[in-house]
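Coordinate analysis (summary)
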Amino acid sequence: MNPVALRYDAAARPPPGVTLLLALQHATVASVGFITARAVAGVAGADAAQTVAFITLTALATGLATILVSLNRRALGSGYFCAAVAGPVFFVAASLAAAKGGLALVCGMTLMAGLFQVFLARALPRLRTLFPPEVVGLVALMLGFSALRFAIPLFLDHTRHAGDINPSGLLVAVLTFALMVVPVVWLPGRARLYPLLIAIPAGYLLSIPFGLLDRSHWQALCDAPWAALPPVGTFGWSFDAALILPFLVAAIASSLKAVSDLTICQLTTTPGWRRLDIAPVAGGVTGLGIGNALAGLTGGMGLSTSTGNVGLTLLTGAAARVIALVMGASLIILAFVPKAAALLLIMPAPVLGACVLLATLFMIVAGLQMLNLRPLDMRRTFVIGITLAFALSIDVMPGIYQGLPPWAAPFFDSSLAAGTVLAVALNALLSLGATRSLRVLIPAGSPPRDLLAPALSERGPAHAARVEVLDLAAASAAAVIERLRADGRAPGDIAVLLTFDEFSLDLEIVPASSTEHPDAAAVRLHIPQ
């Protein structure tokens, strides 16, 4: 079920040089978030020095959050390599705060959202039925579609002023993209681990003759100091009750995005993966919540897990969590080296677009794989179909939901937010009233499997039970019944009571005359889905 064969699994320790290069490659992808931070600072009317400080502190928070999400502790961290990024999830809420109260309000509300996210993470194990594979896969798919809205204009070098495509920029993007694909598909050995480190320097060089990097870019790089202390807490903190809902929605969307990204990480590193193990995912969301609280405290942007970095992991097959620790450390160091941050900030748009596009493609494929893990009945078909229809309508028909009341507007700020909320809500709503149990009577002397197999085949698909699970349940129950008959413990009719849920199939085998008596001897079987 893995998109690529893993070269390094979560517990692996690649050679130090390989780890460092992979970490730097992932840090480059995470630097996409600095563009979001720069845009929020612009909304706040920040000057050049304040903008650099906001970006620097966002890099610091991104490094800390990446380490916290990827730790392998009992209640903190997921144990998987999953990076953080200042992506678009918090952009709308942060922009509202920036316009109303400047960067101080952004920091204060981000701190509140992070604390709420920690609380939400603790409740995730009790809410696991809200996240069956098809819902998580659907959110992953929406993550990919949302990232495409950002990647494609950059890839095409679509200029806002002229409203057209820059042919030179498109050529640079295509060549950069090709240099990423070639190592993965055709080059042997370790070369396939470093597609971005091969392509990005080449993209910078290709951009010079095409005028995508000019004297002003190099001047900004030269003017940036080599070392400086991050100005922690420079903006202060303020709060506004009117912005609580937008930031809570952003925190929920960030948490569900993390559930999706971490599920992809779990799927990639777990052979034969079939269902979500929520405990490490909850630990990862806890780490992300603490990271967001630290972002607010230090003076940075709200964070989510990075779909782009997950896609890069799928691309390279390097999922060792030690890479996340080195990546986080490198981003923390980056906060002390403004010149390195400046080099990332002048990355030409087509080169950046090629990086994001490549990672996004793998995320979309992973989402589609998750949607196909279990058979789709009518309930799941409606969940997927309705969610895609309404979520994608935001992109297809911009502005169509502008007339919504203020309390509902945050849920329709983006296709990702709408898709996440709709998928979870519809799954919960359409699950109401679904029959969760089945009783099959096995008369004395009747072949048990001949009666159990058709009953399970008829009811199983309604609960997304896989064929192999149903076959195993029928065979196991039949074997138990035959043994009970052989031992003389079940001379009469037998009742098999089956209970379905999203994660398991439970069977209870009892004498038919004793099904109403709790003290009756019973054999119980538990089969994970």
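Bear in mind that the values here come from a model prediction, so they are computed numbers and not experimental data. (Residues numbered from 1 in each chain as written. Predicted model: local features only at pLDDT ≥ 70, side-chain atom pairs only at ≥ 80, totals over all residues. Heavy atoms only, no water.)

1. Section: the overall build of the chain
- On a plain count of helices and strands, the chain comes out with 18 helices and six strands.
- Looking at the chain as a whole, 53% of its 529 residues qualify as buried.
- Pairs at least 24 apart in sequence give 79% of the contacts found in the chain among residues at least 6 apart.
- A total of about 21,700 Å² of accessible surface is found on the chain, and carbon and sulfur atoms cover 66% of it. (Helix = DSSP H or I, 4+ residues; strand = E, 2+ residues; numbered from the N terminus. Buried < 20%, exposed > 50% of the residue type's maximum accessible area, 1.4 Å probe, protein only. Contact = heavy atoms within 4.5 Å. Areas by Shrake-Rupley, 256 points an atom, 1.4 Å probe, with all protein chains shown as cover.)

2. Side note on the pattern of salt bridges
- Taken as a whole and judged by the stated rule, the model has two salt bridges.
- Close ionic contact of K100 with D240 constitutes a salt bridge, the shortest N to O distance being 2.8 Å. Of the two residues, K100 sits in helix α4 (residues 91-123) while D240 sits in the loop between α8 (215-223) and α9 (244-269), which places them 140 residues apart along the sequence.
- A salt bridge links D261 to K257; the nearest nitrogen and oxygen atoms lie 3.3 Å apart. Of this pair, D261 and K257 are both found in helix α9, four residues apart, which corresponds to roughly one turn of the helix. Both residues of the pair, D261 and K257, belong to the buried class. (Salt bridge = Lys/Arg side-chain N within 4 Å of Asp/Glu carboxyl O.)

3. Considering the layout of surface pockets
- The calculated volume of the second largest pocket comes to roughly 350 Å³.
- Forming the walls of the second largest pocket are 17 residues, and the residues nearest its centre are L24, T28, A340, L343 and L344.
- The set of elements that each furnish at least two residues to the lining of the second largest pocket consists of α1 (16-30), α7 (195-207), α12 (321-334) and α13 (338-345). (1 Å grid on protein atoms, 1.4 Å probe; cavity = no way out; pocket = protein on both sides within 12 Å on 5 of 7 lines; lining within 4 Å. Points joined across faces, edges and corners; volume = space filled by probe spheres on them.)

4. Concerning a nonpolar patch on the surface
- A cluster of nonpolar residues, M378, F382, I386, F390, L429, L430 and L432, forms a patch on the protein surface that exposes about 690 Å² of accessible area.
- When residues of the nonpolar patch are traced back to their parent elements, those giving at least two are α15 (378-396) and α16 (415-430).
- Per-element accounting of the nonpolar patch gives the leading share, four residues, to α15.
- Structurally, I386 is set in helix α15. (Patch = residues over 30% accessible without salt bridge, like charges linked within 9 Å, V, L, I, M, F, W, Y side chains within 5 Å.)

5. As for the nonpolar core
- Within the largest apolar cluster, 99 residues are counted, with the highest numbers of intra-cluster contacts made by F54 and F247.
- Here this core gets twelve residues from one element, more than from any other, and that element is α4.
- The residues touching F54, leaving out its near neighbours within four places in the chain, are A37, V40, A41, L103, V106, F235, G299, G300 and M301.
- Core analysis: the second largest hydrophobic core is formed by 30 residues, V172, L315, I346 and L352 among them. (Core = buried A, V, L, I, M, F, W, Y, C linked by side-chain atoms within 4.5 Å.)

6. What to know about the side chain of K257
- A relative accessible area of 6% places K257 in the buried class.
- Among the polar contacts listed, one links the side chain of K257 to the backbone oxygen of T305, at a separation of 2.3 Å.
- Apart from the residues within four sequence positions on either side, K257 is in contact with V89, L143, S304, T305, S306, T307 and L416. (Polar contact = N/O pair within 3.5 Å; in protein donor to acceptor, adjacent residues only side chain to side chain.)

7. Regarding the environment of A340
- By the secondary structure assignment, A340 is in helix α13.
- With a relative accessible area of 30%, A340 lands in the partly exposed category.
- Between the C-alpha atom of A340 and that of P225, which follows or precedes it by 115 residues, the distance is 9.2 Å.

8. Looking at α15
- Taking 1.5 Å as the rise per residue, α15 with 19 residues should run 27 Å; its terminal C-alpha atoms sit 26 Å apart, in good agreement.
- Every buried residue belonging to α15 is among R379, R380, V383, I384, T387, A391, S393 and I394, and all of these are buried. (Expected span 1.5 Å × (residues − 1).)

9. Topic: the state of the cysteines
- Per the counting criterion, the structure on display carries zero disulfides.
- Take C265: it sits in no disulfide, and the sulfur closest to it among the cysteines is that of C82, at 4.3 Å. (Disulfide = S-S within 2.5 Å.)

10. Regarding the confidence of the model for the chain
- Here the chain averages 80 in pLDDT, while 87% of its residues score no lower than 70.
- For the stretch residues 515-520, pLDDT sits under 50, and the model shows four contacts to residues farther than four places along the chain or on other chains. (pLDDT = per-residue confidence, 0-100.)

11. Section: the packing of aromatic side chains
- This structure, assessed with the given rule, holds three aromatic pairs.
- Aromatic side chains F54 and F235 sit 6.0 Å apart centroid to centroid with 75 degrees between the ring planes, which places their arrangement in the edge-to-face category. Highlighted residues: F54 in helix α3 (residues 48-70) and F235 in the loop between α8 and α9, separated in sequence by 181 residues. Like F54, the residue F235 is buried in the burial classification.
- Ring centres of F155 and F177 lie 6.0 Å apart, and the angle between their planes is 90 degrees; on these two criteria the pair is classed as edge-to-face. Taken together, the residues F155 in helix α5 (residues 133-155) and F177 in helix α6 (residues 167-185) connect sequence positions 22 residues apart. Taken individually, F155 and F177 each receive the classification buried, so the pair is uniform in this respect.
- A cation over an aromatic ring shows up here: K339 above the ring of W226, its NZ or CZ 5.1 Å from the ring centre. (Phe/Tyr/Trp six-rings, centres within 6.5 Å; stacked < 30°, edge-to-face > 60°. Lys NZ or Arg CZ within 6 Å of the ring centre and 35° of its normal.)

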